[in-house]
Amino acid sequence: MNAETFKSEMKNLKEWLKGKTIGITLITPNGGSRYTFKTLKGFGAAVLEFETLGASFGFIKVGNDYIEKSTKDHAEFIHRVNNGVWTNVHFIATTIK
């Protein structure tokens, strides 16, 4: 999804994201880098930075101390958010088209 849509979705999930460990993997033609944030401010700054690189965004997984569940798209992500107790979440940002 494009950056504007992703930011809008994250704004809708702001309260849910509070207190979670938020990961995002940036994929570029030079490889991938994984980033982890404990605050929404840090995560938001990274999203803005990746947006300037022309990144598109997606959903990877939610998890807790016992299990991780993949999330292939927005609908599955929302289903997982509403049907589990999660302490961490991971997204992807890619500049590869």
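Use the structure listed above.
The following refers to the structure shown. (Residues numbered from 1 in each chain as written. Predicted model: local features only at pLDDT ≥ 70, side-chain atom pairs only at ≥ 80, totals over all residues. Heavy atoms only, no water.)

1. Side note on the sheet that holds strand β5 (residues 88-94)
Moving on, step 1. Reading across the sheet, the five strands line up as β2-β1-β5-β3-β4 and stay open at both edges, with mixed pairing between neighbours. Each of the sheet's edge strands pairs with one partner strand only, and the pair in question is β2 (31-37) and β4 (68-70). With strand direction ignored, the average angle separating the axes of adjacent strands in the sheet is 25°.
Moving on, step 2. Two strands pair when backbone bridges link them, and strand β3 (residues 56-63) and β4 are joined in this way by three bridges, in the antiparallel orientation. Paired with V62 across the two strands is K69, which belongs to β4. (Pairing = 2+ DSSP bridges. Helix = DSSP H or I, 4+ residues; strand = E, 2+ residues; numbered from the N terminus. Axes fitted to C-alpha atoms, helices over the stretch in contact; angles between N-to-C directions.)

2. Here's the deal with the pairing of β2
Moving on, step 1. With seven bridges joining them, strand β1 (residues 21-28) and β2 adopt antiparallel strand pairing. Its bridge partner being in β2, G23 is matched across the sheet by T36.
Moving on, step 2. Linking β1 back to β2 in an antiparallel pair, the connection comprises two residues.

3. Some words on the nonpolar core
Moving on, step 1. By size, the foremost hydrophobic cluster in this structure holds 24 residues, and its most contacted members are F43, F57, F77 and F91.
Moving on, step 2. Mapped onto this core, the elements with two or more residues apiece are α1 (3-12), α2 (14-17), β1, α3 (40-52), β3, α4 (74-82) and β5.
Moving on, step 3. Sorting elements by how many residues they give to this core places α3 first, with four residues.
Moving on, step 4. Apart from residues lying up to four places away in sequence, F57 is in contact with M1, N2, A3, F6, I24, V47, F50, E51, I92 and A93. (Core = buried A, V, L, I, M, F, W, Y, C linked by side-chain atoms within 4.5 Å. Buried < 20%, exposed > 50% of the residue type's maximum accessible area, 1.4 Å probe, protein only. Contact = heavy atoms within 4.5 Å.)

4. Looking at the side chain of H90
Moving on, step 1. Mapped onto the secondary structure, H90 falls in strand β5.
Moving on, step 2. If near-sequence neighbours (up to four positions away) are discounted, H90 is found in contact with G23, I24, T25, R34, F59, I60 and K61.

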